[in-house]
Protein chains: 2
Amino acid sequence: MSKQSWRGSTLLNPEPPVLVSCGGLEQPNLITIGWTGTICTQPSMVSISVRPERYSHHLIKESGQFAINLPTEQLVRAVDWCGVKSGRDNDKFAACKLHAAPGSVLTDCPILEESPVNLECRVTQVIPLGSHDLFLAEVVACDVDESLLDENGKLCLDKAKLIVYSHGEYLSLGKKLGTFGYSVRKKKPGKRKK
Amino acid sequence: MSKQSWRGSTLLNPEPPVLVSCGGLEQPNLITIGWTGTICTQPSMVSISVRPERYSHHLIKESGQFAINLPTEQLVRAVDWCGVKSGRDNDKFAACKLHAAPGSVLTDCPILEESPVNLECRVTQVIPLGSHDLFLAEVVACDVDESLLDENGKLCLDKAKLIVYSHGEYLSLGKKLGTFGYSVRKKKPGKRKK
């Protein structure tokens, strides 16, 4: 390969374009966040980065709560729209014909009904970085739609038709290339003989 | 939708399963990181979360440098293997028949030659969270393979065939559902008439 050296940039791709809900249940807001990720397993923690000038920034800072709502293929237009419009000028739930429901644990954390997986998050730390403030938060509850569970109650997240964002494009998830641990897994002897 | 309330969990999906290279050029190591993301645009910053007991943890902490290497479909087996094996017992580059090259800017930051996009990162802060330590880092340089550039030098990241990880599965990127801003973009008058 022959490579060019560029200055630092936000080229980490692909990323999850999540819908974050915040504010109270009476005036809930939605914002699309690309700068997000899991940051710890025990306790379960996530981060989101938000520009201080965004309307959601003060809502999250004041309440110390937000929900990450995983978007599905059906929600892709709302994901885009909620990323370019402001909650200052729009009731985003109404404009997108979406609905806020109370979280199961947190009280100032409306969740997006139309998303099948909602992570209720309590902020633990806010770190100013420059253009964005980094919110660290503990995931205190997950609300999971029963349609994603199999007969044993196991989560089949592939049924959710989640989406991904890469370099300006919203994409569906493609073909399966492997499963965690497959590179070291021994083939079952029974299967070899077939 | 009818939802169950579960306790907090790491259900944020999908996520980028990146290969992180670290250590010196003489004994470089690779580790697969799922807990990563962009955290700031200006300056360009990323985070990775690493368990303190992982071999790479002290390499990154000592040098204060690492590279995020975006994995392609061709690298999926290495992504899996480098996530379940330890650099204490394995020369992962050799075992996966991969090659380390010097970064263009940082000196203690080997990059993965076979990855078409490498982000050279300098650690700015380490935050212990529990099972994982959160490393915040500035992206000081991006090394981009020329095969991804069009005739005007514009990056076409879709040519890279990046992969994504969701709930235990490695997946290719699927069909395009929209592009950033498409929900508010006016159609071109010329196109309407056709």
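Our structure is the block above this text.
Structural notes, computed from the coordinates. (Residues numbered from 1 in each chain as written. Chains lettered and ligands numbered in written order. Predicted model: local features only at pLDDT ≥ 70, side-chain atom pairs only at ≥ 80, totals over all residues. Heavy atoms only, no water.)

### Brief notes about the pattern of salt bridges
When their charged atoms lie close together, side chains carrying opposite charge are able to pair.
And then number 1: This model, assessed by the stated rule, comprises 4 salt bridges over all chains.
And then number 2: A salt bridge links K175 of chain B to E73 of chain A; the shortest N-O distance between them is 3.5 Å. Of this pair, K175 of chain B sits in strand β12 (residues 169–179) while E73 of chain A sits in the loop between β6 (65–69) and α2 (76–84), which puts the two residues in different chains. (Salt bridge = Lys/Arg side-chain N within 4 Å of Asp/Glu carboxyl O. Helix = DSSP H or I, 4+ residues; strand = E, 2+ residues; numbered from the N terminus.)

### Looking at the layout of surface pockets
And then number 1: Quantified by volume, the largest pocket comes out at close to 570 Å³.
And then number 2: Along its surface, the largest pocket is lined by 24 residues, and T32, I33, G34 and W35 of chain A together with F180 of chain B are the ones closest to its centre.
And then number 3: Of all the secondary-structure elements, those providing two or more residues to the lining of the largest pocket are β3 (29–33), β5 (45–50) and α2 of chain A.
And then number 4: Broken down by class, the residue content of the lining of the largest pocket amounts to 11 nonpolar, 10 polar and 3 charged.
And then number 5: As a volume, the second largest pocket reaches approximately 470 Å³.
And then number 6: The wall of the second largest pocket is formed by 18 residues, among which F180 of chain A together with T32, I33, G34 and W35 of chain B lie closest to the centre.
And then number 7: Mapped by element, the contributors of at least two residues to the lining of the second largest pocket are β3 (29–33), β5 (45–50) and α2 (76–84) of chain B.
And then number 8: In terms of residue class, the lining of the second largest pocket is made up of 9 nonpolar, 6 polar and 3 charged. (1 Å grid on protein atoms, 1.4 Å probe; cavity = no way out; pocket = protein on both sides within 12 Å on 5 of 7 lines; lining within 4 Å. Points joined across faces, edges and corners; volume = space filled by probe spheres on them. Nonpolar A, V, L, I, M, F, W, Y, C, P; charged D, E, K, R; others polar.)

### Overview of the interface of chain A and chain B
And then number 1: At the interface, 93 residues of chain A touch 93 residues of chain B.
And then number 2: Here chain A packs against chain B, burying approximately 8100 Å² in sum over the two surfaces, 61% of which is carbon and sulfur.
And then number 3: For chain A, the biggest contributors to the area lost against chain B are W6, L12 and T38 of chain A; these three give 9% of the whole.
And then number 4: Our count for the contact surface shared by chain A and chain B stands at 4 salt bridges.
And then number 5: Across the pair E169 of chain A and K176 of chain B runs a salt bridge, and its minimum N-O distance is 3.4 Å.
And then number 6: The interface formed by chain A and chain B includes 51 residue pairs in polar contact (both at pLDDT 80 or more).
And then number 7: Mapped onto the side of chain A that touches chain B, the elements with two or more residues apiece are β1 (3–7), β4 (36–40), β5, α2, β9 (117–128), β10 (133–145), β11 (163–166) and β12 (169–179) of chain A.
And then number 8: For the side of chain A that touches chain B, the per-class residue count stands at 45 nonpolar, 32 polar and 16 charged.
And then number 9: One ladder, built from 5 bridges, connects β10 of chain A with strand β1 (residues 3–7) of chain B; its direction is antiparallel. (Contact = heavy atoms within 4.5 Å. Buried area = accessible area lost by both parts, 1.4 Å probe. Polar contact = N/O pair within 3.5 Å; in protein donor to acceptor, adjacent residues only side chain to side chain. Pairing = 2+ DSSP bridges.)

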